[in-house]
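# Notes for the structure review
The primary structure of each chain is shown beneath.
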Amino acid sequence: MSLYQEYMAEIESRKTELGLNPKPIDSAELLSEIIAQIKDTGNEFREDSLKFFIYNTLPGTTPAAGVKAEFLKEIILGQESVAEINSEFAFELLSHMKGGPSIEVLLDLALGDDAAVAAPAAEVLKTQVFLYEADTARLEAAFKAGNAIAKEILESYAQAEFFTKLPEIDEKIEVVTYIAGEGDISTDLLSPGNQAHSRADRELHGQCMITPEAQQEIVALQKKHPNAKVMLIAEKGTMGVGSSRMSGVNNVALWAGKQASPYVPFINIAPVVAGTNGIAPIFLTTVDVTGGIGLDLKNWVKKTDEAGNLVTDENGDPVLEEAYSVATGTVLTIDTKAKKLYNGDKELVDVSSAFTPQKVEFMKAGGSYAVVFGKKLQTFAAETLGVEAPVVYAPSKEISHEGQGLTAVEKIFNRNAVGVASEAPLHAGSNVRVKVNIVGSQDTTGPMTCQELEAMAASTISPSVDGAYQSGCHTASVWDAKAQANIPKLMAFMNKFGLITARDPKGVYHSMTDVIHKVLNDITVDDRAIIIGGDSHTRMSKGVAFGADSGTVALALATGEAAMPIPQSVKVTFKGKMAGHMDFRDVVHATQAQMLKQFGGENVFQGRIIEVHIGTLLADQAFTFTDWTAEMKAKASICISNDETLIQSIELAKSRIQIMIEKGMDNEAGMLAGLIKLADERIAGIKSGKEPALAPDDSAKYYAEVVVDLDAIDEPMIADPDVNNEDVSKRYTHDVIRPVSYYKDKPVDLGFVGSCMVHKGDMQIIAQMLRNLEKQNGTVEFKAPLVVAPPTYNIVDELKAEGDWAVLEKYSGFVFDDAHPKDAARTKYENILYLERPGCNLCMGNQEKAEPGDTVIATSTRLFQGRVVADSAEKKGESLLGSTPLVVLSTVLGRFPTTEEYKAAVNGIDLTKFTPPEQAMTTKFGAAIPAQRVD
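Keep in mind it's a predicted model, so treat the numbers as computed, not measured.

Attention shifts here to the overall build of the protein chain. Each helix and strand in the protein chain was counted, giving 31 helices and 33 strands. Rg of the C-alpha trace for the protein chain: 28 Å, near the compact-globule value of 30 Å for 935 residues, within the 12% margin. Within the protein chain, the proportion of its 935 residues that are buried is 60%. As displayed, the protein chain offers around 35000 Å² of accessible surface, 49% of which is attributable to carbon and sulfur atoms. Within the protein chain, one finds 89 positive and 127 negative side-chain charges whose respective centroids are separated by 2 Å.

Moving on to the environment of Met512. Within the secondary structure layout, Met512 lies in the loop between β18 (500-501) and α21 (516-523). Distance in space between the C-alpha atoms of Met512 and Ser95 is 41 Å, their sequence separation being 417 residues. The residues touching Met512, leaving out its near neighbours within four places in the chain, are Tyr469, Gly472, Ala502, Met665 and Tyr793.

As a further point, take the confidence of the model for the protein chain. The predicted coordinates of low-pLDDT regions are not to be read in fine detail. Looking at the protein chain as a whole, its pLDDT mean stands at 93, while 99% of the residues score no less than 70. When the criterion is pLDDT under 50, residues 927-935 qualifies, and its contacts beyond four places in sequence or with other chains add up to 29 contacts.

Let us look at helix α3 (residues 46-55). Every buried residue of α3 is accounted for by Arg46, Ser49, Leu50, Phe52, Phe53 and Ile54. Summarising the contacts, the buried residues of α3 are in contact with α1 (3-18), α2 (28-39), α4 (63-76) and α5 (87-95).

Evaluated as defined, the whole model comprises 20 aromatic pairs. Relative to Phe896, the ring of Tyr743 has its centre 5.0 Å away and its plane inclined at 25 degrees; by these criteria the two rings are stacked. Of this pair, Tyr743 sits in the loop between β27 (737-739) and β28 (750-753) while Phe896 is found in the loop between α30 (884-893) and α31 (899-906), placing the two residues 153 residues apart along the sequence. Between Trp805 and Phe816, the aromatic rings sit 6.2 Å apart at their centres with planes inclined by 75 degrees, giving edge-to-face as the arrangement. You can see Trp805 sitting in helix α29 (residues 804-810) and its partner Phe816 sitting in the loop between β30 (812-815) and β31 (833-835), a full 11 residues away along the chain.

The next point concerns the sheet that holds β18. Reading across the sheet, the 5 strands line up as β18-β17-β16-β19-β20 and stay open at both edges, with parallel pairing between neighbours. Both edges of this open sheet fall to β18 and β20 (544-547), since each of them pairs with a single strand only. One ladder, built from 4 bridges, connects strand β19 (residues 530-533) with β20; its direction is parallel. Residue Ile532 lies in a different strand from β20, and its bridge partner there is Phe546.

In terms of nonpolar packing, the biggest core is built from 249 residues, with Phe53, Ile85, Met456, Tyr469, Leu557 and Phe625 touching the most fellow members. With 10 residues, helix α17 (residues 368-385) is the largest single contributor of residues to this core. Contacts of Ile85, omitting those with residues within four sequence positions, involve Leu50, Phe53, Ile54, Leu72, Ile75, Ala90 and Leu93. In this structure, Leu221, Met239, Val249 and Val287 belong to the second largest nonpolar core, which totals 26 residues.

Turning next to helix α26 (residues 671-688). Across its 18 residues, α26 extends 26 Å between first and last C-alpha, which sits within 8% of the 26 Å expected from 1.5 Å per residue. Every buried residue of α26 is accounted for by Met671, Leu672, Leu675, Ile676, Ala679, Arg682, Ile683, Gly685 and Ile686. A positive phi of about 85 degrees marks Gly689, the residue just after α26.

The 3 strands are arranged β14-β15-β21 in an open sheet whose pairing can be described as antiparallel. Each of the sheet's edge strands pairs with one partner strand only, and the pair in question is β14 (417-418) and β21 (561-565).

Orientation of α2 relative to α3, taken along the N-to-C sense of each, is 130 degrees, at an axis distance of 8 Å. Between α2 and α3, the angle falls in the class oblique. Here the hand of the crossing between α2 and α3 comes out left-handed. Across from Leu31, Ile34, Ile35, Gln37 and Ile38 in α2, the residues of α3 making contact are Arg46, Ser49, Leu50, Phe52 and Phe53. A breakdown of the residues in the contact of α2 with α3 according to their chemical character gives 7 nonpolar, 2 polar and 1 charged.

Following the criterion strictly, the structure yields 54 salt bridges and no others. Of the charged contacts, one joins Lys39 and Glu80 as a salt bridge, the two residues approaching to 3.4 Å between their closest N and O atoms. Within this pair, whereas Lys39 is found in helix α2, its partner Glu80 is found in the loop between α4 and α5, the two being separated by 41 residues in sequence. The partner of Lys760 in a salt bridge is Glu802, with the nearest N and O atoms 2.7 Å apart.

This part is about the side chain of Glu631. Counting through the fold element by element, Glu631 comes out in the loop between α24 (619-628) and β24 (636-641). A residue is classified by how much of its surface remains accessible, and Glu631, at 3% relative accessible area, is buried. Ignoring sequence-local partners within four residues, the contact set of Glu631 consists of His537, Gln592, His734, Thr861, Arg862 and Phe864.

Let us now look at unusual backbone geometry. Phi angles above zero are rare outside glycine, and Lys98 is one such case at about 75 degrees. By the element assignment, Lys98 lies in the loop between α5 and α6 (101-110). For Lys98, a relative accessible area of 31% corresponds to the partly exposed category. Phi at Tyr732 takes a positive value of approximately 55 degrees, unusual for a residue other than glycine. Here Tyr732 is to be found in the loop between β26 (717-719) and β27. A residue is classified by how much of its surface remains accessible, and Tyr732, at 12% relative accessible area, is buried.

Looking now at the side chain of Glu836. With respect to the helices, strands and loops of the structure, Glu836 is situated in the loop between β31 and β32 (855-858). Classification of Glu836 as buried rests on a relative accessible area of 2%.

On to the state of the cysteines, then. Within this structure, the stated rule accounts for 0 disulfides. As a non-bridged cysteine, Cys473 has Cys840 as the owner of its nearest cysteine sulfur, 3.7 Å distant. Here Cys473 falls in the buried class, since its relative accessible area comes to 0%. No disulfide involves Cys756; its sulfur sits 5.8 Å from that of Cys843, the nearest cysteine. Look at Cys756 and you get buried, because its relative accessible area is 5%.

Within the secondary structure, Tyr263 sits in the loop between β5 (258-261) and β6 (264-269). Setting aside residues no more than four positions away along its own chain, Tyr263 makes contact with Ile54, Tyr55, Asn56, Thr57, Phe89, Glu92, Leu93 and His96.

Here we take up the environment of Pro692. Assignment of secondary structure puts Pro692 in the loop between α26 and β25 (704-709). Not counting the four nearest positions on each side in its chain, Pro692 is found in contact with Asp643, Arg682, Gly685 and Ile686.

Parameters and conventions
Residues numbered from 1 in each chain as written. Predicted model: local features only at pLDDT ≥ 70, side-chain atom pairs only at ≥ 80, totals over all residues. Heavy atoms only, no water. Helix = DSSP H or I, 4+ residues; strand = E, 2+ residues; numbered from the N terminus. Rg over C-alpha atoms; globule rule 2.2 N^0.38 Å. Buried < 20%, exposed > 50% of the residue type's maximum accessible area, 1.4 Å probe, protein only. Areas by Shrake-Rupley, 256 points an atom, 1.4 Å probe, with all protein chains shown as cover. Lys, Arg positive; Asp, Glu negative; His and termini not counted. Charge placed at Lys NZ, Arg CZ, Asp CG, Glu CD. Contact = heavy atoms within 4.5 Å. pLDDT = per-residue confidence, 0-100. Phe/Tyr/Trp six-rings, centres within 6.5 Å; stacked < 30°, edge-to-face > 60°. Pairing = 2+ DSSP bridges. Core = buried A, V, L, I, M, F, W, Y, C linked by side-chain atoms within 4.5 Å. Expected span 1.5 Å × (residues − 1). Axes fitted to C-alpha atoms, helices over the stretch in contact; angles between N-to-C directions. Parallel < 35°, antiparallel > 145°, perpendicular 65-115°, else oblique. Left-handed = near helix turned anticlockwise from the far one by under 90°. Nonpolar A, V, L, I, M, F, W, Y, C, P; charged D, E, K, R; others polar. Salt bridge = Lys/Arg side-chain N within 4 Å of Asp/Glu carboxyl O. Disulfide = S-S within 2.5 Å.

Here is the structure:
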């Protein structure tokens, strides 16, 4: 059977079984067959082949794109003749292919000797922005050789005509509202984790957004209001919490956006999303990627009495009242010039935050990538011509307050800033380009990152990136047919691109399924680094890390840069003494509870940097705090450590990087060895006193300061999804933190210790508890299943060497076997200990899940509806979150313990402890820090 016949069979299968259109073509071999059938004017498949070639071939650097570009070149040069594709149409098709092979072909034509094709080729090139060094080098060489066309193209680039000649965004945008959910909307609603395997198949994945009923309601609104865009809303909540999730934005754009190109299927842009409390910051970045609009509606406000005092309910939470209605089907108007939202002539709210100069540029250009590449291209052209580039784009927003010190994040941004005009130190609110030091891609978004890299015509990692890693943790639980189809292909692509990969395409080293955040935490060897990772929990305890969508990850990999505003910071310090029976996880949860109490229910962390003065806690343990800040809705977090602790953390990171090298994981560029060198340089800088551990200035300005009282924490603290709250908007928010005594006699159906929230110490705690229980009772029996997934293989190896792994194995009814990994997800659980392979496991919800309706107590971060556990017909599933000792004891008892039972169980066990620093961890603000980054 030919490849074309196989493709036709797949088309029929997709249509019959799934109701889908043909899958877009990325195969060079298949497209070559299609082209052969186009050339054969009598071929029975010629008409369909033309449609596939024109409308269903993926652009960029896909193998198919190379074949398509070459055939179009042959048509333009008259070497091939296709009645339906003349030279003009061939150029139009090339103009929509975005980069890579199409740019190479256009340069061949523009710089060639045939004047008849050089001129139109140059006109198309003037509209393109996805040029790389090989492309710009050709232009520069031709210009220096006196080529007039090359000069003409460079002059156009220097004027940024690829941007200035685009139409301005509409002054009035009509929208019709659709309430997608009440309360915070997690990106799981828009792109469920259990459908992660299909994300790269955009039309297929689009079927999982919200519900089929919701999709049809959106379609009905579009038919009823053909001149309006459907705006998806999180009523009484924040849109897009928990994750950046490019696939979520893609799905919204698929149903409610517009097609980016008539010749590229299922790539839509410019969606409009909104929330009563705006858009989660990491999700908003993803909206920018597509040139979309994200609105902060403020349509519910806190109620006050006649005296102006806040009105609260019986739980002490602020009572909300509706400022204006956005009920589904309401037609509103966005005035992009006035930057306001209207209902008819009535002004509802100021939405200027959605229309900053930078965001408007993204909308005009069709997405943020085009702006990033356009700026670089304009700079290159101006420098090559020896002229000054005119100010076309909104300049970097540079805010500096004389005499004001710098927060930790301000110091990091100042150090890594690129192309800054001012030499004065930059403060929060500045919007700049920054060098990215570390990049991480995870395996359920990785296939989309590959697509994004192909679409932006990137072929190799930027040399300015210090370290980059492709994980295999999100699909670690089950090596099923979906994983077997997706993961090897992903690893091969990323390995070739220049990343360190969890799996070696050649099979040289043992496959790692280590949790990506743990690996990124280890390969970050500088507390002044900027890290971008394809997951909301990219929250390292060294440097500042930003969870990002698959596209922003691709951009960071390809360019080594990112552009973003410097966020405001909230300072978190501690007072008092941590009780001996408490675990650091309890401190983490108490931080959120105490913050909400201190600020009358306002989450001051949302959208900001949490600068936590953690002092003496090693990076492994401190990660428990930084990881949780994603659920606090923070933009990112930074740990302030003392010199000695930072050195210990970097030394530990070095040892783990060295193990990766010894396993054979380093690449030809010696990326891992380079990280060891950087680590040594950082340690030397700290020891010499020339470059001490990162610390804010004593005169830094914060949005708010939170002081956590350790003395007030006397019981294990649990994050509760509050599934039965009468106010739907208050369910699944991560804001309900309760002491264990609240859950007296509440049954537990399953416990889970694992995901990125645990470290080696947590595994040791389990072993210590099992030893104690054996000593007390002669044996250990579980009255509920306990699933344990260590975060990394390094930790497993260390536990084996120290003896704790043998204790875990002794009481396990199941122990993972990499030689024979599970090929199907578990659906039923016995009351035993399951010792699973390193990875995300239940936390991800895409492979393993608890039984529907279960009450789960877990160390993970996810309490979203349906994530760890789905609802049953009889009962809502609950994913409550707590510390490792609490989870273990709850599964032994089959219920939540009393405080007394808990204290007795952990007596003598070495829990994760924390002692606040005794002195303020700040530096004296002195001379201005140079804004230009230090390479």
